[in-house]
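Remarks on the overall topology
Spelled out, the chains give:
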Amino acid sequence: MELKFILESLLFSAQKPLSVKELRDVLAAGPEHDDADSTVKSLKKVKDSELTAALEQLTSEHEAAGRSYRLACVAGSWQFVTQPEYAPWLRALVGVKARPPRLSQPALETLAIIAYRQPLTRAEIEQIRGVNVDGTMQTLTERGLVEAVGRAEVVGRPPTYGTTTLFLEYFGLAKLEDLPAADELRRIVVEKPPSPVTADAGLATTPPEQLKQGEQSAAAAPDAPAPAQEAAK
């Protein structure tokens, strides 16, 4: 048996999309007894690159066959999906599920900025859009399309945001690299606030020696001129 046909049978029978890791785990869990098929034994240590190559070959073969369905990789997981042109009959068969409302234009613009420039802070998003994004960010977060992914190494260490796996599923992308080109958006310069002056990693404080130097400089400086009213006296 060929690896690609084994994978085809697994994906055809699965109730959900399967990642390469999940497929590898299934192959590794094959029968352990002595009379196990030689193919079963050989696939216990199959490499991820071999699985990916077999899946891509399956994809090409299904596309060439012109079937009503195809093999697709969405958000890093593989599944069989029907071609879009057959949607009217499928809706008649299974009905129409209630979907969340469409994203507004401001939400799409904000989501595009995050997708192409991630990770970035809310302040950086507002620099690019030129408007407050509090409400829009709340919507994107509640919909599960955006999430906090870390903290910026600047004063206050604000959270940075990036897209989620659900974002890839929503737009039918296998990975972020599959996003269409947006060179103009990537070229927009974002001014970052200064990094905190630290004496030790993780401490937003000024070194004591610098404070002493500052105090000595202030003491050595000439007295400031008296206010106009004092001078008049």
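What comes next concerns the included structure. Bear in mind that the values here come from a model prediction, so they are computed numbers and not experimental data.

What counts and how
- Residue positions are given per chain, counting from 1 as you read along its sequence in written order.
- At least 70 in pLDDT is required for a residue's local features to be given in this predicted model, at least 80 for side-chain atom pairs to be given and counted, and no such filter applies to totals for whole chains, interfaces and linings, which use all residues.
- Calculated side-chain values reflect all of the structure's heavy atoms, with hydrogen atoms and water omitted.
- When DSSP finds two or more bridges between a pair of strands, those strands are recorded as paired.
- In this text, helices come from DSSP runs of H or I with a minimum length of four residues, and strands from runs of E with a minimum of two, each type numbered from the N-terminal end.
- The rule is simple: put a 1 Å grid over the protein atoms alone, call a set of points where a 1.4 Å probe fits but cannot get out a cavity, call an open set with protein on both sides within 12 Å along at least five of seven lines a pocket, and count a residue as lining if it has an atom within 4 Å of a point.
- Grid points are joined across faces, edges and corners, and a volume is the space filled by probe spheres set on the points.
- Residue classes follow a fixed rule: Ala, Val, Leu, Ile, Met, Phe, Trp, Tyr, Cys and Pro count as nonpolar, while Asp, Glu, Lys and Arg count as charged, and any other residue, Gly among them, counts as polar.
- Under the scheme applied here, a residue whose accessible area is under 20% of the maximum for its type counts as buried, over 50% as exposed, and between as partly exposed, the area being computed with a 1.4 Å probe on protein chains only.
- In this analysis, axes come from line fits to C-alpha atoms, helices being fitted only over the stretch in contact, and the angle between any two N-to-C directions falls in the range 0 to 180 degrees.
- In what follows, roughly perpendicular refers to angles from 65 to 115 degrees, roughly parallel to angles under 35, roughly antiparallel to angles over 145, and oblique to any angle outside these ranges.
- Contact definition: two residues touch when any of their heavy atoms are within 4.5 Å.
- The hand of a helix crossing depends on one turn: near helix anticlockwise from the far one by less than a right angle means left-handed, and clockwise means right-handed.
- Salt bridges are defined as contacts in which a side-chain nitrogen from Lys or Arg sits within 4 Å of a carboxyl oxygen from Asp or Glu.
- Any residue with relative accessible area above 30% and no salt bridge may belong to a patch, with like charges joined within 9 Å and the nonpolar Val, Leu, Ile, Met, Phe, Trp and Tyr side chains within 5 Å.
- Here the Shrake-Rupley method, with its probe set to 1.4 Å, supplies the accessible areas, and only the displayed protein chains count as covering residues.

**Some points on the sheet that holds strand S5 (residues 146-151)**
Reading across from one edge, S4-S6-S5 is the order of the three strands in this open sheet, with antiparallel pairing throughout. Among the strands making up the open sheet, the edge pair consists of strand S4 (120-121) and S5. With five bridges connecting them, S5 and strand S6 (residues 159-163) associate as antiparallel partners. Note that in S6 the partner of Arg151 across the bridge is Pro159.

**Considerations on the sheet that holds strand S1 (residues 18-19)**
An order of S1-S3-S2 is seen for the three strands of this open sheet, with the pairing classed as antiparallel. Looking along the sheet, the strands with just one partner apiece sit at the ends: S1 and strand S2 (69-74). The pairing of S2 with strand S3 (residues 77-82) spans six bridges and is antiparallel. Bridge pairing in S3 links Tyr69 to Thr82.

**What about the layout of surface pockets?**
Here the largest pocket defines a volume of roughly 1200 Å³. Along the wall of the largest pocket there are 27 residues; nearest its centre are Gln79, Phe80, Val81, Thr82 and Leu90. For the lining of the largest pocket, the secondary-structure elements that each account for two or more residues are helix H1 (3-13), S2, S3, helix H5 (87-94) and helix H9 (165-171). Residue composition of the lining of the largest pocket, grouped by class: 15 nonpolar, six polar and six charged.

**Focus: unusual backbone geometry**
In the segment running from Gln118 into Pro119, the intervening peptide bond is cis, with an omega of -5 degrees. With respect to the helices, strands and loops of the structure, Pro119 is situated in the loop between helix H6 (105-117) and S4. The backbone of Ala75 sits at a positive phi, close to 55 degrees, despite the residue not being glycine. With respect to the helices, strands and loops of the structure, Ala75 is situated in the loop between S2 and S3. Since its relative accessible area comes to 16%, Ala75 is described here as buried.

**A few points about H5**
Sparse coverage of H5 is indicated by the burial of zero of its eight residues. In the segment just after H5, Gly95 is the residue with positive phi, at about 85 degrees.

**Describing the packing of H6 against helix H8 (residues 134-142)**
Between H6 and H8, the shortest axis-to-axis distance is 10 Å and the interhelical angle comes to 75 degrees. Comparing the axis directions of H6 and H8 gives the class roughly perpendicular. Counting all contacts with H6, which are made through Pro106, Ala107, Thr110, Leu111 and Ile114, the residues of H8 involved are Thr136, Met137 and Leu140. Along the lines of polarity and charge, the residues of the contact of H6 with H8 split into six nonpolar, two polar and no charged.

**Looking at the packing of helix H7 (residues 122-129) against H8**
One can describe the packing of H7 onto H8 by two numbers: an axis separation of 11 Å at closest approach and a directional angle of 120 degrees. Here H8 runs oblique to H7, going by the angle between their axes. Note on packing geometry: the crossing formed by H7 with H8 is right-handed. Contacts between H7 and H8 involve Arg122, Ile125, Glu126 and Arg129 from the first element and Asp134, Thr136 and Met137 from the second.

**A short note on the pairing of S6**
Summarising burial for S6: four of the five residues are buried, a large majority. Here S4 pairs with S6 via two bridges, running antiparallel. Bridged to Leu120 within S6 is Tyr161.

**Digging into the pattern of salt bridges**
Inspection of the entire model under this criterion finds eight salt bridges. Where Arg129 meets Glu109, a salt bridge forms, and the shortest distance between an N and an O atom there is 3.1 Å. Of this pair, Arg129 sits in helix H7 while Glu109 is found in helix H6, placing the two residues 20 residues apart along the sequence. For Glu109, a relative accessible area of 35% puts it in the partly exposed group. The partner of Lys175 in a salt bridge is Asp178, and the shortest N-O contact between them spans 3.3 Å.

**Comments concerning a nonpolar patch on the surface**
Nonpolar side chains collect at one region of the surface, where Tyr86, Trp89, Leu90, Leu93 and Val94 lie side by side and expose about 580 Å² of accessible area between them. Under the relative-accessibility criterion, Leu90 is labelled partly exposed at 31%.

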